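# Summary of the model geometry
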Amino acid sequence: MKTDVEYKNKDHQSVEQVTECPECGSRRLSQDYDRGELICDECGLVIDETYIDQGPDWRSFDMKEEGDKSRAGPPMSEMMHDKGLSTNISVSDRDSYGKSIPSKNRAQIYRLRKWQRRIRVSSAKERSLVSALKEINRIASTMGLPRNIMESAARIYREAVERNLIRGRSISSVVISSLYAASRKMNLPRTLDEFADATEFKRTEIGRTYRFLSRELELQLKPTKPQLYLQRYCNELSLSGTIRKMAENILEDAEEKDLISGKGPSGLAAAAIYIASVKGGERRTQREIAEIADVTEVTVRNRYKDLVKQLDIEIDV
DNA sequence: AAGACGAAAGTGGTTGA
DNA sequence: TCAACAACTTTCGTCTT
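Residues numbered from 1 in each chain as written. Chains lettered and ligands numbered in written order. Predicted model: local features only at pLDDT ≥ 70, side-chain atom pairs only at ≥ 80, totals over all residues. Heavy atoms only, no water.

## Observations regarding the overall build of chain A
When helices and strands are counted, chain A shows twelve helices and three strands. The buried share among the 317 residues of chain A stands at 39%. Long-range pairs, those at least 24 residues apart, make up 60% of the contacts in chain A between residues at least 6 apart in sequence. Summed over all atoms, the accessible surface of chain A reaches about 19100 Å², with 48% contributed by carbon and sulfur. (Helix = DSSP H or I, 4+ residues; strand = E, 2+ residues; numbered from the N terminus. Buried < 20%, exposed > 50% of the residue type's maximum accessible area, 1.4 Å probe, protein only. Contact = heavy atoms within 4.5 Å. Areas by Shrake-Rupley, 256 points an atom, 1.4 Å probe, with all protein chains shown as cover.)

Next up, the structure:
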């Protein structure tokens, strides 16, 4: 909870200057843009969770080009109801040369603008889409979900609207379920409980709507792998990459022996972390881990006893 | 005193008749 | 709609460090 705070950068100015790992001094850092993280190759420490790709957004095809393309205007985004592509007529009464427009034409321009607005946000569908996208943005921000999840959720929501799946359901329940689905799709899952806590909906409601969306849109998401929780939990417990790797191996073995399916993934992740933390000499109590993973100590206990027994792990407590 | 342990009863959700 | 069911939780007394 305390040690890795120094490495996180709140303001992005200083982010680029990080060239070596504060933990082991290695200069081999890699950027995981999908997760928005800067990670040390040697020890696996997450140096910055909010790393942003500041490179050019296009490949360049020769050396000359490299310098000048760089960032070229806002990217097309699912987060804008028109994907950021529509035209807007300026509000000033000037033409493109900056000369003022004769007053006899002003009325015409005004009408143009009016119609432009109407075309842009035309139907009721469009208008509700705008508010839904705002809602996605709001919830994702409070939960600290990265941009790609928002984009993905927006895509799922759009699809749901197009297929008329909203009928009989509240917009916000579909919004939240889209976010939940997106978080799983992007391999950065949050539990239903986490979404329930961040919103006014109950877990069951979100789950129900999610299953509905999943079926109708054929999202085909596989059950959440416990491994996907390791990164986040280990971070919050200030555990090193070595421990995370150990826990990952344990879960990998468990997966091969078919001990995973049917069990709650967060409980399994918690148990694997507990075993790894004890064996790797960075012990955390069952309670600490249970708290982070949002399960009880008893569950951590039961899962880890299972794993130890079935995988023949020796462990001295 | 804190942590780990495990038994037993309770909870909320799924499934299948 | 109801009962069986599995996973997980709550609670609590006991043992270990």
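Okay, back to it.
## Comments concerning the protein's contact with DNA strand B
Residues in contact with DNA strand B amount to eleven residues; listed here are only the nearest, T204, R211, Q286, R301 and Y304. Of everything in DNA strand B that lies within 4 Å of the protein, sugar and phosphate atoms constitute 75%. Take R283: an N or O atom from its side chain is 3.4 Å from a phosphate oxygen of DNA strand B. Here a phosphate oxygen of DNA strand B sits 2.7 Å away from a polar atom, N or O, in the side chain of Y304. Among the elements of the structure, helix 7 (203–217) and helix 12 (297–311) are those that each provide at least two residues to the surface near DNA strand B. Class assignment for the residues of the surface near DNA strand B results in three nonpolar, three polar and five charged. (Near = heavy atom within 4 Å. Polar contact = N/O pair within 3.5 Å; in protein donor to acceptor, adjacent residues only side chain to side chain. Nonpolar A, V, L, I, M, F, W, Y, C, P; charged D, E, K, R; others polar.)

## With respect to the protein's contact with DNA strand C
Within the structure, DNA strand C sits among G262, K263, G264, V295, T296, V298, T299 and R303. A distance of 2.4 Å is found between a phosphate oxygen of DNA strand C and a side-chain nitrogen or oxygen belonging to R303. Among the residues forming the surface near DNA strand C, the class breakdown is two nonpolar, four polar and two charged.

## Quick word on the nonpolar core
Residues I136, L145, Y157, L179 and F195 are the most contacted members of the largest nonpolar core, which totals 36 residues. Put simply, the parts of the chain that give this core at least two residues each are helix 3 (124–143), helix 4 (147–162), helix 5 (171–185), helix 6 (192–198) and helix 7. With eight residues, helix 4 is the single largest residue contributor to this core. Excluding residues that lie within four positions of it along the chain, L145 makes contacts with A140, M150, L179, R190 and F195. The next biggest cluster of nonpolar side chains, apart from the first, holds 33 residues, and it includes Y233, L259, I260 and A270. (Core = buried A, V, L, I, M, F, W, Y, C linked by side-chain atoms within 4.5 Å.)

## So, the packing of aromatic side chains
Evaluated as defined, the whole model comprises four aromatic pairs. Judged by centre distance (4.9 Å) and plane angle (90 degrees), the ring pair of Y180 and Y210 falls under edge-to-face. With a gap of 30 residues between them, Y180 in helix 5 and Y210 in helix 7 connect regions that are remote in the sequence. Looking at Y210, the relative accessible area reads 8%, which means it is buried. Where Y274 meets Y304, the ring centres are 4.8 Å apart and the plane angle is 65 degrees; that geometry is what we call edge-to-face. Pair noted here: Y274 is in helix 10 (residues 265–279) and Y304 is in helix 12, with a separation of 30 residues, a long-range link. (Phe/Tyr/Trp six-rings, centres within 6.5 Å; stacked < 30°, edge-to-face > 60°.)

## Comments concerning the side chain of S173
For S173, the position within the fold is in helix 5. The residues touching S173, leaving out its near neighbours within four places in the chain, are F201, E205 and T209.

## Quick look at helix 11 (residues 286–293)
Residues of helix 11 that are buried: Q286, I289, A290, I292 and A293. One face of helix 11 carries all of its buried residues, which in axial projection span an arc of 165 degrees. What points out from helix 11, more than 90 degrees from its buried face, is the exposed set R287 and E291. Those residues of helix 11 that are buried lie in contact with helix 8 (227–236), helix 10 and helix 12. (Arc of directions from axis to C-beta.)

## Quick word on a negative patch on the surface
A contiguous patch of negative charge, built from D197, E288, E291 and D294, is present on the exposed surface. The residue E288 is located in helix 11 in this model. With a relative accessible area of 39%, E288 lands in the partly exposed category. (Patch = residues over 30% accessible without salt bridge, like charges linked within 9 Å, V, L, I, M, F, W, Y side chains within 5 Å. Salt bridge = Lys/Arg side-chain N within 4 Å of Asp/Glu carboxyl O. Lys, Arg positive; Asp, Glu negative; His and termini not counted. Charge placed at Lys NZ, Arg CZ, Asp CG, Glu CD.)

## Things to note about the pattern of salt bridges
Within the structure shown, the criterion is met by ten salt bridges. Put simply, R147 and E151 hold a salt bridge, and the shortest N to O gap is 3.6 Å. Here R147 and its partner E151 are both found in helix 4, four residues apart, which amounts to about one turn of the helix. For R147, a relative accessible area of 49% puts it in the partly exposed group. Here E216 ties to R215 by a salt bridge, and the two come within 3.6 Å at their closest N and O atoms. Given a relative accessible area of 55%, R215 falls into the exposed group.

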